[in-house]
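In case you want the letters, here they are:
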Amino acid sequence: MLHSLFERITRAIEALLALAFIAAVLMNFANVVGRYLFGVTFGWADEVQVFIMVWMAFLGAVVASWRGAHLRMDMLLRLLPSPLRRTVRALELVVLVVAASFVVVQSWKYAATMFRLDRVSDVGQIPMWIPHGGVAIGFAMIAVISLAQCWDLFTGRALPGDRKSTRLNSSH
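Every value quoted in this text rests on a predicted model; they were computed, and no experiment measured them. (Residues numbered from 1 in each chain as written. Predicted model: local features only at pLDDT ≥ 70, side-chain atom pairs only at ≥ 80, totals over all residues. Heavy atoms only, no water.)

Chemist: How do you make sense of the environment of Ala 20 when you look at a structure like this?
Modeler: Mapped onto the elements of the fold, Ala 20 is located in helix α1 (residues 2-38). Each C-alpha atom, one on Ala 20 and one on Trp 55, is 8.9 Å from the other, the two residues being 35 residues apart in sequence. Residues within four places of Ala 20 in sequence aside, it is in contact with Ile 52 and Met 56. (Helix = DSSP H or I, 4+ residues; strand = E, 2+ residues; numbered from the N terminus. Contact = heavy atoms within 4.5 Å.)

Quick look at the structure:
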């Protein structure tokens, strides 16, 4: 059940990322057309595009974490015997949960400060807690996914991104 929930969430995030990318491209196109054909630009468009990219990066990292598609140096890990490979993967996931949780706390504090100060972007007047909140939300989701993957690892279920489709505790 948890896996189907995460799968639905990552599909929704992918759709949102596609729409955000299309919106950023259209804003850029409108700005170029406005600038060169009409001598008019949308000053806020550059800020919005940067904020979209921030959200895309951190939400994209959520999808990559769930699918096991993030970059990792696993060449040596694959050479280890299964029990040691499971131990290293467990340690990797625990470190990821701790690091992601630390980033969540710090970025949440910063976004909350931006909210409390009513800080807005210079041109578009966009509340700055919005782009900064993307960091907290992305890392919070990564931490939750990593916890779920810890559970999968400890119950013997294969994790996304593992080369073999068999269970990790098999002798293959």
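Chemist: Explain helix α2 (residues 43-67) to me, please; I cannot follow it from the model alone.
Modeler: Along an α-helix, residues three or four apart share an orientation, since each turn contains 3.6 residues. Here α2 contains 25 residues, and its C-alpha end-to-end distance of 37 Å stays within 8% of the 36 Å for a straight helix at 1.5 Å per residue. Within α2 the residues assigned to the buried category are Ala 45, Glu 47, Val 48, Gln 49, Phe 51, Ile 52, Leu 59, Val 62, Val 63, Ala 64, Ser 65 and Trp 66. Looking at the buried residues of α2, the elements they touch are α1 and α5 (129-154). Directly beyond the C-terminal end of α2, a positive phi value near 70° is found at Gly 68. (Expected span 1.5 Å × (residues − 1). Buried < 20%, exposed > 50% of the residue type's maximum accessible area, 1.4 Å probe, protein only.)

Chemist: What is the right way to read a nonpolar patch on the surface from this model?
Modeler: Among the surface-exposed residues, Leu 19, Ile 22 and Leu 26 lie close enough to one another that they form a single nonpolar patch of about 310 Å² accessible area. Counting through the fold element by element, Leu 26 comes out in helix α1. (Patch = residues over 30% accessible without salt bridge, like charges linked within 9 Å, V, L, I, M, F, W, Y side chains within 5 Å. Areas by Shrake-Rupley, 256 points an atom, 1.4 Å probe, with all protein chains shown as cover. Salt bridge = Lys/Arg side-chain N within 4 Å of Asp/Glu carboxyl O.)

Chemist: Can you walk me through the pattern of salt bridges in this structure?
Modeler: Side-chain pairing between opposite charges can occur once the charged atoms of the two side chains come close. Tallied over the full model, the rule gives 5 salt bridges. Residues Arg 11 and Glu 7 are paired through a salt bridge, measuring 4.0 Å at the closest nitrogen-oxygen approach. Note that Arg 11 and Glu 7 are positioned in helix α1 at a spacing of 4 residues, about one turn of the helix. For Glu 7, a relative accessible area of 22% translates into the label partly exposed. For the salt bridge of Arg 67 with Glu 14, the shortest nitrogen-to-oxygen distance reads 2.7 Å.

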